[in-house]
Amino acid sequence: MDIPPLAGKIAVLSLGALPLSFALNYVSLLSYPLGVVLMSTLILGLLSLAIYSLSRSDIYYDPLYAVFAVFAFTSVVDLLIALQEDGYMAGFMAFYTKEGEPYLRTAHGVFICYWDGIVHYLLYLAMTGAIRKRKSYRNFGLYWLGSFIMSILVFLPGNILGKYSSEIRPTFFLTIPFLLVPCWAGLRVFNQTQVPTCCTPNMVEEDQRKGLLQRPVDLALIIYLIFAAFFTLFRGLVVLDCPMDACFVYIYQYEPYLRDPVTYPKVQMLVNMFYVLPFYGLAIYALIFPGCSWLPDWALAQFSHMGASMHLRTPFTYRVPEDAWASFFVCNLLYALGPHLLAFRCLWRPAFFLRPPPGPPAHHEKQH
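Residues numbered from 1 in each chain as written. Predicted model: local features only at pLDDT ≥ 70, side-chain atom pairs only at ≥ 80, totals over all residues. Heavy atoms only, no water.

Definition in use: UniProt positions are given in the numbering used here, feature names are shortened, and annotations may be inferred rather than shown by experiment.
Where an unreviewed UniProt entry is consulted, the protein chain appears under the name EXPERA domain-containing protein, with the organism given as Bos mutus. Quoted verbatim from the Sequence similarities (unreviewed entry) field of UniProt, the annotation for the protein chain is "Belongs to the TM6SF family." Regarding the protein chain, the UniProt comment filed under Subcellular location (unreviewed entry) reads as follows: "Endomembrane system".

Encoded structure:
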């Protein structure tokens, strides 16, 4: 998989968020929630016009260029919020977390901002760079889509259902485009032509003839997915107040963060149980039976839950106990890395997942 060059023009434009956020922090109008939402709308509108005027040909080639450029700007804003909330800088986005989205001051909100401000930001620069060079960015787009949607599926319901539900401000409704635009962007990314692989029909046939024992990497992934599925189901039962002794011990001695009234961890576990768990079952099927060409397109990411469990903004009673920290860290790290290793395996040796070539196999042809 080729790594596209980063878009320098978008990087420079997005860094304009630094002086802008610093100046807006001293505007008296932004001490009111309505002023924050009006100013945010105005800035996004002016930013969209600037991107359109500077990169008209790129937007005509692929409209997602404008989407990724705007999101790159908001990613820098998110990074500023995270750095300010952790005390690494001051005087930038205090007005926004106070009057705009106060739930960003939670441990989960801070780590969501870090993830968006670092990982998503690099993805936006890579994807806009690929569009400028007229190259494919489908794999990067699919990874971004899975990560972005997983974050939104946890963050938005957590805001509504958790203890910050009474502090929802008009700025919350600016998240509506963040729900609709990724759906449209996702359809465009999925419909892009897949990058041709270097696998010949003979390679596909040879890989798909191998049994599971002849594919040790796939066997190891299947074993991992089985354990991950049980772990996902178990933690889902824990947040549903399952009366089993094991659930009681786990939530009080290993992961008390699941009881945090901010509700983000509960929503995360339920999303995992009803969305990630079926995916694990489908992935096991695709690793056993050849020709499941849909598997390489599905990659998931988990980051914020593990970090929020240990963040200082999480109340002490809900943090991971010191004696359980090592086991908690290892389990969650493996849980987060597993889907990435699965995606890497699909990109590394895709022949097993390709559809078998039509016609009779090569070794059945008559020799002359």
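## Comments concerning helix H12 (residues 245-253)
Here is the rule we go by: The buried label goes to any residue with under 20% of its type's maximum accessible area, the exposed label to any with over 50%, and the partly exposed label to all in between, with areas taken from a 1.4 Å probe on protein chains only. A run of H or I in DSSP becomes a helix once it reaches four residues, and a run of E becomes a strand once it reaches two; helices and strands are each numbered from the N terminus. Arc definition: directions from the helix axis to the C-beta atoms.
All of the buried residues along H12 are Cys-247, Tyr-250 and Ile-251. End-on, the buried residues of H12 take up no more than an arc of 90°, which puts them together on one face. When the buried face of H12 is taken as reference, the exposed residues oriented beyond 90 degrees from it are Asp-245 and Phe-248.

## Some words on the packing of helix H2 (residues 17-24) against helix H5 (residues 64-85)
Test applied: Every axis corresponds to a line fitted to the C-alpha atoms, with the helix fit spanning only the stretch in contact, and the corresponding angles, defined between N-to-C directions, vary from 0 to 180 degrees. Each angle receives one of four descriptions, namely roughly parallel if under 35 degrees, roughly antiparallel if over 145, roughly perpendicular if within 65 to 115, and oblique otherwise. Each crossing gets its handedness from the near helix: less than a right angle anticlockwise from the far helix is left-handed, clockwise is right-handed. What makes two residues a contact is simply this: any of their non-hydrogen atoms within 4.5 Å. Only Asp, Glu, Lys and Arg are considered charged, only Ala, Val, Leu, Ile, Met, Phe, Trp, Tyr, Cys and Pro nonpolar, and every remaining residue, Gly among them, polar.
Closest axis-to-axis distance for the H2/H5 pair is 10 Å, and the angle between their directions is 55°. In terms of axis orientation, H2 runs oblique to H5. Here the hand of the crossing between H2 and H5 comes out right-handed. Between H2, through Ala-17, Leu-18, Leu-20 and Ser-21, and H5, the contact on the second element is made entirely by Phe-73, Val-76, Val-77 and Leu-80. Its residues assigned to classes, the contact of H2 with H5 shows 7 nonpolar, 1 polar and no charged.

## Some remarks on the pattern of salt bridges
Note the threshold: Only one rule defines a salt bridge in this text: a Lys or Arg side-chain nitrogen within 4 Å of an Asp or Glu carboxyl oxygen.
The tally for this structure, following the rule as stated, stands at 7 salt bridges. Of the charged contacts, one joins Asp-218 and Arg-345 as a salt bridge, the two residues approaching to 2.5 Å between their closest N and O atoms. Separated by 127 residues along the polypeptide, Asp-218 in helix H11 (residues 216-239) and Arg-345 in helix H15 (residues 325-348) bring together distant segments of the chain. Residues Glu-255 and Arg-235 are paired through a salt bridge, measuring 3.1 Å at the closest nitrogen-oxygen approach. One end of the pair, Glu-255, is in the loop between H12 and helix H13 (264-288); the other, Arg-235, is in helix H11, with 20 residues separating them in the sequence. In this pair, the class of Glu-255 matches that of Arg-235, namely buried. Shared partners join several salt bridges into a network, and the residues in it are Asp-58, Arg-132 and Arg-134.

## Quick look at a nonpolar patch on the surface
Keep this limit in mind: Patches here are clusters of residues that have more than 30% relative accessible area and form no salt bridge, with a 9 Å joining cutoff for like charges and a 5 Å cutoff for nonpolar side chains (Val, Leu, Ile, Met, Phe, Trp, Tyr). In short, Shrake-Rupley with a 1.4 Å probe defines the accessible areas, and a residue's cover is counted only from the protein chains shown.
Taken together, the side chains of Leu-282, Tyr-285, Ile-288, Phe-289 and Trp-294 make up a nonpolar region of the molecular surface, amounting to roughly 470 Å² of accessible area. Along the chain, Ile-288 falls in helix H13. Judged by its relative accessible area of 36%, Ile-288 is partly exposed.

## Brief notes about the confidence of the model for the protein chain
Put simply, the rule is: Note on scores: pLDDT gives the predictor's confidence for each residue, bounded by 0 and 100.
In this model, the protein chain carries an average pLDDT of 83, and 89% of its residues clear a pLDDT of 70 or more. For the protein chain, the element scoring lowest by mean pLDDT is helix H14 (residues 304-310), at 59; H11 scores highest, at 93. Segment residues 299-304: pLDDT under 50, and 23 contacts once partners within four positions in sequence are set aside and those in other chains are kept. Throughout residues 361-368 the model reports pLDDT below 50, and contacts reaching past four residues in sequence, or to other chains, amount to 5 contacts.

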